[in-house]
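Tertiary structure, described
In case you want the letters, here they are:
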Amino acid sequence: AFGSSYFALWAPLPAALWLCYLSVVNLGARVVIGYGWEWGTLEVGFLMMFLCAEWPPRDSFPRALPPPSSVLWLLRWYVFRMLLGAGMSKLG
């Protein structure tokens, strides 16, 4: 069933995947090439964990699950920093 506690088992999956990627980045494995975007993907991946819908939902068919505004502002801040850094690299 949609609202059963079976779906609650999937809640730690994004965190486990993020921890696995963090360990690969920290080990400096050859899978990670070393372009410098590894920490950026870790930062965005960490923020994306908070955009997941809650399981099990309170209603059987929720009409809207608005994302947290703080996470959206942190994602905007990340995009601003990336665009500013790309512009600075063009100048220098």
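The rules behind these values
Residues numbered from 1 in each chain as written. Predicted model: local features only at pLDDT ≥ 70, side-chain atom pairs only at ≥ 80, totals over all residues. Heavy atoms only, no water. Helix = DSSP H or I, 4+ residues; strand = E, 2+ residues; numbered from the N terminus. Buried < 20%, exposed > 50% of the residue type's maximum accessible area, 1.4 Å probe, protein only. Phe/Tyr/Trp six-rings, centres within 6.5 Å; stacked < 30°, edge-to-face > 60°. pLDDT = per-residue confidence, 0-100.

With that settled, consider the overall build of the protein. Along the protein, the regular secondary structure elements total three helices and zero strands. When its helices and strands are written in sequence order, the protein yields α-α-α. Per-residue burial over the protein gives 13% buried out of 92 residues.

What follows deals with the packing of aromatic side chains. In this structure the tally under the stated criterion is three aromatic pairs. On the numbers, 5.3 Å between centres and 50° between planes, the contact of Trp 18 with Phe 46 is tilted. With Trp 18 in helix α1 (residues 13–27) and Phe 46 in helix α2 (residues 38–49), the pair connects residues that are 28 residues apart, well separated along the chain. The class of Trp 18 is partly exposed, set by a relative accessible area of 22%. For Phe 46, a relative accessible area of 36% translates into the label partly exposed. Ring centres 5.3 Å apart and planes at 80° place the aromatic pair Phe 46 and Phe 50 in the edge-to-face group. The exposure class assigned to Phe 50 is partly exposed, which follows from its relative accessible area of 45%. Through successive ring pairs, a cluster of aromatic residues spans Trp 18, Phe 46 and Phe 50.

Looking now at the confidence of the model for the protein. On average, residues of the protein score 78 in pLDDT, and 71% of them reach the 70 mark or higher. The weakest mean pLDDT in the protein belongs to α1 at 88; the strongest belongs to helix α3 (residues 69–91) at 90.

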